[in-house]
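What the coordinates show
If you want the building blocks of each chain, they are given just below.
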Amino acid sequence: MGAKKNFVIDTNVILHDYKCLSNFQENDIYLPIVVLEELDKFKKGNEQINFNAREFVRELDLITDDNLFTKGAPLGEGMGRLFVVAGQVESKRVQESFPERLPDHRILAVVDWLTRKDPDTKSILVTKDVNLRMKARSIGLLCEDYITDKVVNVDIFEKANEVFDGVDPSLIDRIYSSREGLDISEFDFKDVLHPNECFILRSDRNSVLARYNPFTHSVCRVNKNKNYGVEPRNAEQSFAFEVLNDPNIKLVALTGKAGTGKTLLALASALSQQAEYKQILLARPIVALSNKDIGFLPGDAQEKVAPYMQPLFDNLNVIKRQFATNSTEVKRLEEMQKNEQLVIEALAFIRGRSLSETYCIIDESQNLTPHEIKTIITRAGEGTKMVFTGDIQQIDQPYLDSQSNGLVYMIDRMRDQNLFAHVNLVKGERSELSELASNLM
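Note that the coordinates shown come from a computational prediction; the quantities given were computed from them, not determined experimentally. (Residues numbered from 1 in each chain as written. Predicted model: local features only at pLDDT ≥ 70, side-chain atom pairs only at ≥ 80, totals over all residues. Heavy atoms only, no water.)

One open sheet holds the 6 strands; their spatial order is E14-E13-E15-E16-E12-E17, and the pairing between them is parallel. Strand pairing shows two members of the sheet lacking a second neighbour, strand E14 (342-346) and strand E17 (420-425), which therefore form its edges. Taking the axes of each pair of neighbouring strands and ignoring which way they run, one obtains an average angle of 15 degrees across the sheet. The strands touched by helix H12 (residues 370-377) are strand E12 (251-256), strand E15 (358-362) and strand E16 (385-390); relative to E16, the strand with the most contacts, the crossing angle is about 155 degrees. (Pairing = 2+ DSSP bridges. Helix = DSSP H or I, 4+ residues; strand = E, 2+ residues; numbered from the N terminus. Axes fitted to C-alpha atoms, helices over the stretch in contact; angles between N-to-C directions. Contact = heavy atoms within 4.5 Å.)

So, on to the packing of helix H3 (residues 48-63) against H12. Running from N to C, H3 and H12 cross one another at 100 degrees; their axes reach a closest spacing of 11 Å. By the angle class used here, H3 and H12 are roughly perpendicular. Contacts between H3 and H12 pair Gln48, Phe51 and Asn52 from the former with His371, Glu372 and Thr375 from the latter. Per-class residue counts for the contact of H3 with H12 are 1 nonpolar, 4 polar and 1 charged. (Parallel < 35°, antiparallel > 145°, perpendicular 65-115°, else oblique. Nonpolar A, V, L, I, M, F, W, Y, C, P; charged D, E, K, R; others polar.)

Bringing the side chain of Thr358 into the picture now. Mapped onto the fold, Thr358 is located in strand E15. The buried category is assigned to Thr358, whose relative accessible area is 3%. Polar side-chain contacts of Thr358 include one of 2.9 Å to the backbone oxygen of Ser356. Beyond its immediate chain neighbours, meaning those up to four positions away, Thr358 contacts Tyr277, Gln279, Leu281, Gly383, Thr384 and Lys385. (Buried < 20%, exposed > 50% of the residue type's maximum accessible area, 1.4 Å probe, protein only. Polar contact = N/O pair within 3.5 Å; in protein donor to acceptor, adjacent residues only side chain to side chain.)

Here we come to the pattern of salt bridges. Evaluation of the coordinates by the stated rule reveals 18 salt bridges. One salt bridge connects Lys19 with Glu59, and the closest N-O pair in it is separated by 3.5 Å. Here Lys19 is found in the loop between helix H1 (11-16) and strand E2 (28-32), whereas its partner Glu59 is found in helix H3, with 40 residues between them in sequence. A residue is classified by how much of its surface remains accessible, and Glu59, at 29% relative accessible area, is partly exposed. In this structure, Asp112 engages Arg116 in a salt bridge whose closest nitrogen and oxygen atoms are separated by 3.2 Å. One end of the pair is Asp112 and the other is Arg116, both in helix H5 (residues 103-117) and 4 residues apart, which spans about a single turn. The class of Asp112 is buried, set by a relative accessible area of 2%. When its relative accessible area of 46% is taken as the criterion, Arg116 is described as partly exposed. (Salt bridge = Lys/Arg side-chain N within 4 Å of Asp/Glu carboxyl O.)

By size, the foremost hydrophobic cluster in this structure holds 43 residues, and its most contacted members are Ile9, Leu31, Phe56 and Leu125. Per-element tally for this core: the top contributor is H5, with 5 residues. Those residues within four positions of Ile9 in sequence are excluded, and the remaining contacts are Ile14, Phe24, Ile29, Tyr30, Leu31, Pro32, Val35 and Val126. Core analysis: the next-biggest nonpolar cluster, separate from the first, contains 38 residues, Ala240, Ala346, Tyr359 and Ile361 among them. (Core = buried A, V, L, I, M, F, W, Y, C linked by side-chain atoms within 4.5 Å.)

What follows is about the pairing of E15. With 5 of its 5 residues buried, E15 lies for the most part within the structure. Both faces of E15 are covered, namely the face carrying Thr358, Cys360 and Ile362 and the face carrying Tyr359 and Ile361. Sheet analysis places strand E13 (residues 279-284) next to E15, joined by 5 bridges and oriented parallel. Bridged to Leu282 within E15 is Ile361. Where E15 meets E16, 4 bridges bridge the pair, whose relative direction is parallel. The residue bridging Cys360 from the neighbouring strand is Met386, located in E16.

Such coordinate-based values are descriptive only and should not be taken to indicate function.
Structural data, given as structure tokens:
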């Protein structure tokens, strides 16, 4: 156990994780009154940050006592105390560097005041705002990111699937001839395989696309199957179809840069299994551009979100173009949309629903927090499969990054579970130009 510290919490930490007070061990937590003022602005609304603001205030109410503004309120056995710093705290160095009376600067003033008040204890600002951390460092204040839900190993999102060389060619021949695959004990893998991990086995004369099936403890062949007119163009896309089509895998994550086919593959797989589900649901979070709020857009709720959903409709149109205009497949798709068997809508509209016998695809999920991902997954009822797609290098939320977004957090927590599979798509297949721009720019 290290030396005790004082942590000053920024508003965005609470909006990211309303249970953050329980994650600071034996250290004391200081809450500037301006943080509570800011939380008050977020209490109304149906977004996740509004829910987090309300839940935090309720959590705060449960631990409040008469000493909250003086000696601090105890947070529990083995934990520190919580203090609310009321009133205007003066700081000469903050005032000289940042004269504007902004909430961020008032929080910095609390950190400086606490540093001077308790010089023998490290006082640290915790914020997910990179710019505020830069301001703190510029005047000599200690600061750090909220790292409780950060994923350390993100290498798996940068490399292609494993290739195992030097495999006995007779084993590969037997995989081709066996429908059930071969028991994993017949292979000498140096590293432990994760459930549903896909890889390439290669000898000096043959090779095979394979997957470790945790349900049968076997290494089985991955076939290059076409799904609703969409044919895999590389090994990674074949791996994606393999896990997307397996009814035993209830949760799938597809990661990769733009143009690798994440959403298209998920949709094509869902359509190929339409008879197995009552509904196919495609959703994506609405991330407003700049400071423009969706409420300012004209029209009703559906018309407001239509521009944000267009990429999903684009993928559907790609699949339609695989068939003739008057084909049975196209008519079936139009009928499914009309009967709401195929639904494309904003993610906010599915909150609170129970999703049973649904093939649910959540696009752009790198823009979700870990708590939001958990909330969505817990909506899954019997017979539901959930697929999350995203590019962890294309994050549009200001307080998420490649290590703290909900998609990587889910993959990190779920990767050893039999019901889960993750495929990272590396090779772009949208076009030669798209791939060139993705790699060089």
